[in-house]
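# Close look at the chain arrangement
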Amino acid sequence: MFQHIEPFAGDPILSLNEDFQKDPRPNKINLSIGIYFDDAGRIPVMESVRRAEALVVAKAGPKPYLPIEGAANFRTAVQHLLFGAEHEAVTSKRVATIQSVGSSGGLKVGADFIARYFPGSAVWVSDPTWDNHRSMFEGAGLTVNAYPYYDAATGGLRFDDMLATLRSLPPKSIVLMHACCHNPTGVDLTRAQWDTLIPLLKERSLIAYLDLAYQGFGDGIEADAYAARALAAAGVSFFIANSFSKSMSVYGERCGALSVVCPNAEQAVNVLGQLKFTVRRNYSSPPIHGGQLVATVLTDPELRALWESELGAMRERILAMRHKLHDVLKAKMPERDFGYFLSQRGMFSYTGLTQAQADRLREEHAVYVLRSGRMCVAGLNSSNVEATAVAMAEVLNG
Ligand code: LMR
């Protein structure tokens, strides 16, 4: 019956993470998957989330199905977090939001919606992008192309080339962008660059699709929402999938959302209806627990303040690790510029390591980075950063 089924080639991120778990070497260092580890190398249980969980459990009663679109308190809290409670797009009710199974679930519901309502539109992703973006949109039956993004020569952004490509796209092309903390490179657009890009998207009638998986890990919770707020304020209709996996350290709870900013409330009602239809045909409705943790943290003033400070400390710790890595590497290889570790933002850095060098790093030094050269700097800590830098220098020196 299943002889024609070929083996799964594995996922470049998740399979490597599994290999890491199986690696018996005691000194192994996991800088592969996009997970924030604390300075002791553990996935943190944030105090704000722990307290929210106690409140949620204390209130727990029957567990009916949630509405298809998810819990109302969660959806409202998401809109307020993304845009601000007073943003015109929110107050005029022109944002359609569903609670999704992780932001991956949201991305895919949006992809299915696009495949149905914009069947002639190709999707354009940054070169490079998160490994799973392409498969998700192709999995929805859409054609996926790439626009220029990362500049390997400078460790920065090919902004002019990016604009030139976007300018040449047919109207209603889908432009997938990372709202902050670009995965995998850590290279973000500046505010001035967003301000240049947004009118172009509008003028060319391109459909922006933002992926916001790392809000709070770049420059701050509000600052990282700049692109979303600016697009909405410019009157652009767009999609945005956001995640709480990293920002609340609730990976396995699968908490995310998809929001579609529409021209008016009437269209938002129809868009929400069709998103619901898409969800119903896939998994019917989202789970209760994680969404209630998130909604409680976001809406309880004390827990909200605590969460913001905990997230701020995580952001600061990543920055400190970036500096430490940079300084050790610079001392070892003064002729080489490692400044990109300092200018890149969020959990990831593109190290510039080739596939062969990434393999050597793993095989000879038990340091796991993706074969693309992406390093999760949030996996560094005071006990492993030095060893990582030394191993990296050795591999770079051939
Ligand atoms: C990553 O990029 O490593 C994370 O977003 C985890 C994943 O699902 O790939």
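The residue count restarts for each chain, going from 1 along the sequence in the order it is written. In view of the model being predicted, local features appear only for residues whose pLDDT reaches at least 70, and side-chain atom pairs are presented and counted only at 80 or more, with totals across whole chains, interfaces and linings using the full set of residues. Hydrogens and waters are ignored; side-chain quantities use all the structure's heavy atoms.

### Notes on the overall build of the chain
Per the secondary structure count, the chain includes 15 helices and 13 strands. As defined in this context, the radius of gyration uses C-alpha atoms, and a globule is described by 2.2 Å times the residue total to the power 0.38. In terms of overall dimensions, the chain is globule-like: its C-alpha atoms have a radius of gyration of 21 Å, near the 21 Å expected for 398 residues. Relative accessible area decides the class of each residue, using a 1.4 Å probe on protein chains only: under 20% of the type maximum gives buried, over 50% gives exposed, and in between gives partly exposed. Evaluated residue by residue, the chain yields a buried proportion of 57% over its 398 residues. Of the contacts formed within the chain by residues at least 6 apart in sequence, a portion of 75% connects residues at least 24 apart. Strands are runs of DSSP state E lasting at least 2 residues, helices are runs of H or I lasting at least 4, and numbering of each runs from the N terminus. Here a residue-residue contact requires only that any non-hydrogen atoms of the pair lie within 4.5 Å.

### Observations concerning the site of the ligand
By convention in this text, a residue qualifies as near a molecule or strand provided that one of its non-hydrogen atoms is within 4 Å of it. Surrounding the ligand, one finds Ile 13, Ile 33, Gly 34, Trp 130, Asn 183, Tyr 214, Lys 246, Phe 348 and Arg 374. The term polar contact refers here to a pair of N or O atoms within 3.5 Å; inside protein, the definition further demands a hydrogen-donor-capable atom paired with an acceptor-capable atom, and it admits residues adjacent in sequence only when both atoms are side-chain atoms. Between Gly 34 and the ligand, the recorded distance is 2.7 Å, taken from a backbone N or O atom to an oxygen atom. Cavity membership is defined here by more than half of the atoms lying within 2 Å of grid points; on that basis the ligand lies in the largest pocket. Along the lines of polarity and charge, the residues of the shell around the ligand split into five nonpolar, two polar and two charged. Definitions used for this entry: grid spacing 1 Å over protein atoms alone; cavity, a set of points where a 1.4 Å probe fits but cannot get out; pocket, an open set with protein on both sides within 12 Å along at least 5 of 7 lines; lining residue, one with an atom within 4 Å of a point. Any molecule with more than half of its atoms within 2 Å of a cavity's or pocket's grid points is counted as sitting in it. Polarity classes work like this: nonpolar for Ala, Val, Leu, Ile, Met, Phe, Trp, Tyr, Cys and Pro, charged for Asp, Glu, Lys and Arg, and polar for all others, with Gly in that last group.

### Examining the sheet that holds strand 3 (residues 123-127)
Sheets are built from strands that pair by backbone hydrogen bonding, the pairs being arranged parallel or antiparallel. Any two strands between which DSSP finds at least two bridges are classified as paired. Pairing in this open sheet of seven strands is mixed, and the strands run 2-10-9-8-7-3-4 from one edge to the other. This sheet does not close on itself; its edge strands, each paired only once, are strand 2 (95-101) and strand 4 (144-148). Each strand axis lies, on average, 25° off the axis of its neighbour in the sheet, ignoring direction. One ladder, built from five bridges, connects strand 8 (residues 207-212) with strand 9 (residues 238-243); its direction is parallel. Bridge pairing in strand 9 links Tyr 209 to Phe 239. Every axis corresponds to a line fitted to the C-alpha atoms, with the helix fit spanning only the stretch in contact, and the corresponding angles, defined between N-to-C directions, vary from 0 to 180 degrees.

### A closer look at the packing of helix 8 (residues 191-203) against helix 9 (residues 226-233)
Axis angle and axis distance: for two packed helices, these are the angle between their axes and the distance between the axes, and together they describe the pair. Relative to each other, helix 8 and helix 9 sit at 35°, their axes nearing to 10 Å. Viewed along their axes, helix 8 and helix 9 form a crossing whose handedness is right-handed. Note on element contacts: helix 9 touches helix 8 through Tyr 226, Ala 227, Ala 230 and Leu 231, opposite Arg 191, Trp 194, Asp 195, Ile 198 and Leu 201. Along the lines of polarity and charge, the residues of the contact of helix 8 with helix 9 split into seven nonpolar, no polar and two charged. Crossing handedness follows the turn of the near helix against the far one: under a right angle anticlockwise gives a left-handed crossing, and clockwise gives a right-handed one.

### Notes on unusual backbone geometry
Omega for the peptide link from Asp 127 to Pro 128 comes to 5°, which places this bond in the cis form. Here Pro 128 is to be found in the loop between strand 3 and helix 6 (131-139). Cis geometry marks the peptide bond from Asn 183 to Pro 184; its omega dihedral reads 25°. Following the sequence through the fold, Pro 184 ends up in the loop between strand 7 (174-178) and helix 8. Positive phi, normally seen in glycine, also occurs at Lys 93, with a value near 60°. Positive phi, normally seen in glycine, also occurs at Ser 284, with a value near 75°. Relative to the assigned elements, Ser 284 resides in the loop between helix 10 (265-282) and helix 11 (289-299).

### Quick notes on the pattern of salt bridges
Throughout this description, the term salt bridge denotes a Lys or Arg side-chain nitrogen within 4 Å of a carboxyl oxygen of Asp or Glu. Going through the model one piece at a time under the given rule, you end up with 19 salt bridges. For Arg 25, the salt bridge goes to Asp 23, with nearest N and O atoms at 2.8 Å. Across the pair Asp 39 and Arg 317 runs a salt bridge whose closest N-O atoms are separated by 3.3 Å. Residue Asp 39 is found in the loop between strand 1 (29-30) and helix 2 (47-59), and its partner Arg 317 is found in helix 12 (residues 301-332); the two are separated by 278 residues along the sequence. Residue classification places Asp 39 among the partly exposed positions, given a relative accessible area of 33%. The network of salt bridges with common partners includes Glu 47, Arg 50, Arg 51 and Glu 302.

### Details of the layout of surface pockets
Reported here for the largest pocket is a volume of approximately 530 Å³. Put simply, the parts of the chain that give the lining of the largest pocket at least two residues each are helix 5 (102-117), helix 6 and strand 8. Grid points are joined across faces, edges and corners, and a volume is the space filled by probe spheres set on the points. Considering only enclosed or pocket space, the second largest pocket measures out at about 410 Å³ in volume. Listed by contribution, the elements that provide at least two residues to the lining of the second largest pocket are helix 5, helix 8, strand 9, strand 10 (255-261) and helix 10.

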